[in-house]
Structure formats: C-alpha cells, structure tokens
Amino acid sequence: MDKRRLFSTYRVLIAVSILSAILRRDPHEMEFIQSVQEVVHSLEPVLTKYPQYVHVLERLVEPERVVIFKVSWVDDKGEAHVNRGFRVQFNQALGPYKGGLRFHPTVNLSVMKFLAFEQTLKNSLSSLSLGGGKGGSDFNPKGKSENEIMRFCYSFMEELYRHIGPNQVPIFDTPSGDIGVGPREIGYLFGQYRRLTSQYEGMLGPKGIQWGTSNLHPEATGYGVVYYAKEVLTDLHRDLKDLRCVVSGAGKVALYAVEKLISFGAVPVTISDTRGYLLDEEGFDRVKLSLIREIKAHNKNLREYTKSYPKAKYLDDTKPWAVKCDIAFPCATQNELNHADAMSLINVGCQIIIEGANMPCTAEAIDIFRKSKIWFGPGKAANAGGVAIQGLEMAQNSSRVQWTAEEVDMRLQEVMKDIYQKSMKAAQEYGIGNPEALLHGANIASFLRVAQAMLEQGCV
Ligand code: NDP
Ligand code: 2IT
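Counting restarts for each chain, with residues numbered from 1 along the sequence as it is written. By the order in which they are written, chains take letters starting at A while ligands take numbers starting at 1. Reporting in this predicted model follows two pLDDT cut-offs: at least 70 for local features of residues, and 80 or more for side-chain atom pairs to be given and counted; totals over whole chains, interfaces and linings ignore these cut-offs and use all residues. As a rule here, side-chain values come from all non-hydrogen atoms in the structure, and water together with hydrogens is ignored.

A. Broad picture of the nonpolar core. Buried residues of nine kinds, namely Ala, Val, Leu, Ile, Met, Phe, Trp, Tyr and Cys, make up a nonpolar core once their side-chain atoms join them within 4.5 Å. The classification of residues rests on relative accessible area computed with a 1.4 Å probe and restricted to protein chains. Under 20% of the type maximum is buried, over 50% is exposed, and intermediate values are partly exposed. Core analysis: the biggest nonpolar cluster contains 100 residues, and L57, F117, Y228, I271, F329 and I354 have the highest contact counts within it. A run of H or I in DSSP becomes a helix once it reaches four residues, and a run of E becomes a strand once it reaches two; helices and strands are each numbered from the N terminus. When residues of this core are assigned to their parent elements, the largest contribution, 10 residues, is made by helix 16 (residues 437-456). Only heavy atoms enter the contact rule, under which two residues are in contact if any of them lie within 4.5 Å. Setting aside anything within four residues of it in sequence, one finds I354 in contact with V225, Y228, A229, V232, I327, A328, F329, P330, G377 and A382. C325, C350, A365 and F369 belong to the second largest nonpolar core, which has 22 residues in total.

B. Inspection of the pattern of salt bridges at higher detail. One speaks of a salt bridge when a side-chain nitrogen belonging to Lys or Arg is within 4 Å of a carboxyl oxygen belonging to Asp or Glu. Here the structure, examined in full by the defined rule, presents 24 salt bridges. Between K113 and D26 there is a salt bridge, with the nearest N and O atoms lying 3.1 Å from each other. With K113 in helix 4 (residues 109-125) and D26 in the loop between helix 1 (3-25) and helix 2 (30-49), this residue pair connects regions lying 87 residues apart in the sequence. Assessed through its relative accessible area of 4%, K113 is described here as buried. The partner of D280 in a salt bridge is K288, with the nearest N and O atoms 3.0 Å apart. Here the two residues D280 and K288 agree in accessibility, since each one is buried.

C. Fine view of the packing of helix 4 against helix 16. For the pair helix 4 and helix 16, interaxial distance at closest approach is 8 Å and the crossing angle is 85°. Relative to helix 16, helix 4 is oriented roughly perpendicular. Of helix 16, the residues touching helix 4 (which contributes T120, L121, N123, S124 and L125) are A442, A445, S446, F447, R449 and V450. Note on geometry: axes are C-alpha line fits, over the in-contact stretch for helices, and angles between N-to-C directions span 0 to 180 degrees. Note on terminology: angles under 35 degrees are roughly parallel, angles over 145 are roughly antiparallel, angles of 65 to 115 are roughly perpendicular, and the others are oblique.

D. Here's a closer look at the sheet that holds strand 11 (residues 327-330). If you trace the seven strands from one edge of the open sheet to the other, you get 10-9-8-7-11-12-13, paired in mixed fashion. Of all the strands in the sheet, the pair left with one neighbour each is strand 10 (313-316) and strand 13 (375-377). Here the strands of the sheet are splayed against their neighbours by 15° on average, with no regard to which way each runs. A pair of strands is labelled paired if DSSP reports no fewer than 2 bridges between them. Sheet topology places strand 9 (residues 276-279) next to strand 10; four bridges connect them, and they run antiparallel. Bridge pairing in strand 10 places G276 opposite D316.

E. Region of interest: the site of ligand 2. Residues are classed as near a molecule or strand on a simple rule: at least one heavy atom within 4 Å of it. As a matter of local geometry, ligand 2 sits amid K98, G99, G100, Q119, K122, K134, S176, G177, D178, N358, V387 and Q390. Polar contacts, as counted here, are pairs of nitrogen or oxygen atoms within 3.5 Å of one another; within protein the pair requires one atom able to donate a hydrogen and one able to accept it, and residues that are adjacent in sequence qualify only if both atoms are side-chain atoms. A distance of 2.3 Å separates an oxygen atom of ligand 2 from a polar side-chain atom of K98. D178 places a polar side-chain atom, nitrogen or oxygen, 3.0 Å from a nitrogen atom of ligand 2. Only the protein chains shown count as cover for residues, with accessible areas throughout obtained via the Shrake-Rupley method and a probe of 1.4 Å. Relative to its unbound accessible area of 300 Å², ligand 2 is 92% covered by the protein chains.

F. Looking closely at the sheet that holds strand 1 (residues 65-74). Ordered by their spatial adjacency, four strands build an open sheet running 1-2-5-4, and the pairing between neighbours is mixed. Among the strands making up the open sheet, the edge pair consists of strand 1 and strand 4 (101-103). Across the sheet, the mean angle from the axis of one strand to that of its neighbour is 15°, orientation sign disregarded. Pairing analysis gives 10 bridges linking strand 1 to strand 2 (residues 80-91), with the strands arranged antiparallel. Among the inter-strand pairings, S72 is bridged to a residue of strand 2, identified as V82. Packing against the sheet, helix 5 (residues 146-160) makes contact with strand 1, strand 2, strand 4 and strand 5 (132-137), and its axis sits at approximately 145° to strand 1.

G. Quick peek at the packing of aromatic side chains. Only Phe, Tyr and Trp rings are paired, with Trp represented by its six-membered ring, and only when their centres lie within 6.5 Å; those with planes under 30 degrees apart are stacked, over 60 edge-to-face, the remainder tilted. Applying the stated criterion across every chain yields a total of 20 aromatic pairs. Seen from their ring centres, F139 and F152 are 3.8 Å apart, and the 5° between their planes marks the pair as stacked. Of this pair, F139 sits in the loop between strand 5 and helix 5 while F152 sits in helix 5, and the two are 13 residues apart along the sequence. Residue classification places F152 among the buried residues on the basis of a relative accessible area of 0%.

H. Focus on empty space enclosed by the protein. Points on a 1 Å grid over protein atoms alone make up a cavity when a 1.4 Å probe fits among them but cannot get out, and a pocket when they form an open set with protein on both sides within 12 Å along at least five of seven lines; lining residues each have an atom within 4 Å of a point. Grid points are joined across faces, edges and corners, and a volume is the space filled by probe spheres set on the points. Evaluation of the coordinates by the stated rule reveals one cavity of 30 Å³ or more. Here the largest cavity defines a volume of roughly 40 Å³. In terms of lining, the largest cavity is formed by E38, E118, E355, M359, C361, I366, P378, G379 and K380. Think of it as three bins: nonpolar holds Ala, Val, Leu, Ile, Met, Phe, Trp, Tyr, Cys and Pro, charged holds Asp, Glu, Lys and Arg, and polar takes everything else, Gly as well. Across the lining of the largest cavity, the residue classes break down as four nonpolar, one polar and four charged.

I. Region of interest: the site of ligand 1. In the vicinity of ligand 1, 22 residues are found, and the nearest of them are K142, D178, T274, K296 and N358. Taking A250, its main chain carries an N or O atom lying 2.9 Å from an oxygen atom of ligand 1. Here the shell around ligand 1 is composed, by residue class, of six nonpolar, nine polar and seven charged.

J. The arrangement of helix 3 (residues 52-60) in detail. For helix 3, the full list of buried residues reads Y53, V54, V56, L57 and L60. On an axial view of helix 3, the arc spanned by its buried residues comes to 165°, and they lie on one face. Here, the arc refers to the directions that run from the helix axis to the C-beta atoms.

K. Representation of helix 4. Between the first and last C-alpha of helix 4 there are 24 Å, a value that for 17 residues agrees with the 24 Å anticipated at 1.5 Å per step. Helix 4 sits mainly inside the fold: 16 of its 17 residues count as buried. One side-chain oxygen of the residue at the start of helix 4 lies 3.0 Å from the amide nitrogen of S110, identifying that residue as N108. After helix 4 finishes, the residue S127 shows a positive phi value of roughly 65°. In this analysis, the expected span of each helix is defined as 1.5 Å times one less than the number of residues it contains.

Below you can see the structure in the form of structure tokens.
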C-alpha cells in the first residue's frame, strides 16, 4: 500500500473509532453525533499529522458535567406543569463555561450537547478565554402570559443558580440568549438569581441596556453573520451591494442580519418562521423591517405583511430555499436545510451559504454544496459575533466601563475578520482549498486551541 493510501486508511480508522465510541455510549443523540461527525471529518488531516491529538479528541467529545433538573410552575389558571431543565458544562479548558439558554419544546439532551460542543469550538475560534456550555428547557414560551413566563424563569433559576456563579465550582457560567430566550427571559432569570444569591456579577447576559449590558449586544450575532459574509465576498472580489439574499428565520439572528444586509445595499427578499415564509421580490427596507418586527412582536402571521405590500407573497408550510438568490443565510434552527433544499438552492443559482443558526444544514446538504463548489461558511464561525460581544461585555462589566455602540461595532468587525482569516490560514496549512476551506479551517483552528490547552492541563 502506498503512503498516501495508508494515511487515508489511518484517518478513516481514527474517525470510525471515535464515532463508534459515541454511538455505543449515546446511540440516540442524533444531533450530537451529527455535530461531532462533521468536526471529526475536518480533523482527519490533523490527527494523521499529530496522533497525540486523537486521545484529546476522545476526551473533548465527552461533556465535563451535565445537570438535568425538574422545573415545576403554575399557570394563570392555577394548574401545575412540569418541564425539564438542562445545563451542559461541556469544556472549561479555555475559561469559564459560556453559552446561551434555549427554551423550545424540541430541547433534549442531544440538542443541548450538540449546542454545547459547537459553543466550545466557537468560543475557541473567537479567541476569547471562554469555555463552552449550553442550557435550556423543553418549555414553550409561545402563547404564555408574561406572568407565566416569569414564574417559569423563576422556577428554572431556582435550580440553575446552584450550578452557576462566582463562588461555585465551576467558577463562572454565564448563560445568555438563544431560541425562545431574549432580554425579557434573561431579565427574569437574572432577577431571581440575584435574589437567591445576593450576587450581582455572577452571571452576565444580554440584560436590559440600562443595567449593564454591552451596547450592540442584541444585534451582534446577526450583524456579525453579515460581516463574515462580507469577508468571503471580499476574497471573491465581490461586494454585497445588490446581491439577492434569502434569509430564513424571523427571530433575533435573522432580523438583525436582514437589517445589516439592508445597510450594505444588499437585497434580502425572504424571511421565514415556523408557519411559512414571506417573499418580497423588491427586497426589504428599513420601513418594511419595522413592520415585520411589529408583526412578530405580536406573534401574528407574516401574511399580515402582504396587507401593506400586496406584491409580496406569503407561503404557508414552505421553506424559502427555492427562491432565486446569490447568497442564502439559514438563521432559524438546526437541520432546517436538507439535501433537497440544497439541490433547490443550487438550481436557483445560489453561490454562497452562510450559516446564521447553529448547524442549520444537514450533513447531506453540506455534501451537495461541496460537490457543487458552493462556498460554505459554518455557523461556529459565522454566528460567533454574539458570544464575542458577550466576551467583550464581561471585560467591560468587570472594569465598569461601557463602550459606545460604534466602538463595539468596530470590534465586532475585527473579530469577524479575524475568525475568517484564522479559518483560511488553518485550511491552507493542511492543504485544504476553497470552497471547503471555511468549514474545515474553522473546525481545525478551533479544535487546535482547545486541544493544546487540554494537553497542557494533563489528562482532563
Ligand atoms: P429566536 O427564537 O429569536 O428566533 C428563531 C426563529 O426561527 C423564529 O422566527 C422561529 O419561528 C424560527 N424557527 C425556529 N424553529 C423553526 C423550525 N423548526 N422551522 C422553521 N422556523 C423555525 O432565536 P435566535 O434568532 O436567537 O436563534 C436562531 C438560531 O441562531 C439558533 O440556531 C441559535 O442557536 C442560533 N444562534 C443564536 C445566537 C443568539 O445570539 N441569539 C447566537 C448564535 C447562534 P417562530 O417565530 O414561528 O417561532
Ligand atoms: O449559539 C450561540 O453562540 C448563542 N446562542 C449565544 C451564546 C452567548 O453566550 O451569547
């Protein structure tokens, strides 16, 4: 057998052995297995060159601690309910566990572990001294009253507070937002945490601006996604101006991405939610975006938009991936873009995919993009702006200063550029060319930083 074939056989064996260990241990955790599989695949050349990292990777894919707890609460009619709460403290090699909270009926241990694993690598890639974690609950905030949400948050925090904060092991654990969790929920969670602990600084999240959050925090992920896309385009000697963009989701990430696309002169033509998608062939502008925000704030159907803009179309129970575009930004949830959707995007001429959500593209979809030579920016790089700004927020809070929105925005742009360049550099070092460079480069660069820290800390 020649040397190259021997190497490739060795790579496959390593990947198979790590994945089969996870499959044996947690065979039902499909999302977690999917996220590990993607990373292991990217790391094959690294593990061939540096076999000492094989055992580090085996240890990295096991979370350091998982807390699962009961959350009971009473609704407005006096009826009792019970939900399940989670906090996955995945890896603390680079710093305190850091990662958002998600409230959504689909939350389970597999989803929490995949998000915490992704977060560990994302935080590493964003050069912060932060480890990775994630938490949440299968509680559905939709259709609940303010008081019900407050009671749920209080009950959730009544257990979570034992596992976070400055005087606990682990030292810090700082939850912020994700699907179903925004400033309102973080406010209630923080209020209860503060009452239970008498601590003010143990937990730092996207709180109301007036009580200590960074300027630009709410916008950071969505804006960062677009700054990252801009880096890709600059390398391709292109500009965002006039490019047709298909965006999915109508939440925090999607709408701030749309806002930034508008400011760069791009033409975002869709947004979507759990009910369907909205298409405005003329593109959204600031006025139209305000209307969308208004509709979503009142939990109304996006179809309402067509009353003000009759040329726009609303399609029930359909995803936006067959709409003609230059760039697609999946910004809703995991596995929202599958093999068939990827084929549709290629058929309509899409040339670049930038993930705003965490793992929105299935492995089969990514494979189609690879074969079709479509540029693919993975979520752990493209959506790292939120956590990066949180890192800056922690620095601001501890020194009791607050940067202006302009200062934070400038730093966000620098962070996104740095993430892009680091990914490209890592890919080049391992001879990986475009358009796969962004995916493998992000996985390699993020892994190497955590792996090095883990090696230096012994058998952790
Ligand atoms: P939000 O809850 O603010 O918005 C989520 C949006 O996606 C909503 O419009 C929701 O529809 C839609 N959605 C959710 N599930 C589905 C589904 N199964 N099918 C179709 N649409 C769906 O969440 P965020 O914007 O905060 O998060 C979106 C994604 O970005 C997640 O993957 C999250 O992990 C990731 N992310 C978030 C960050 C943040 O700072 N918030 C940072 C980095 C990544 P509806 O309105 O009908 O509920
Ligand atoms: O996936 C993510 O990076 C987030 N939901 C944001 C996490 C954070 O800690 O701000």
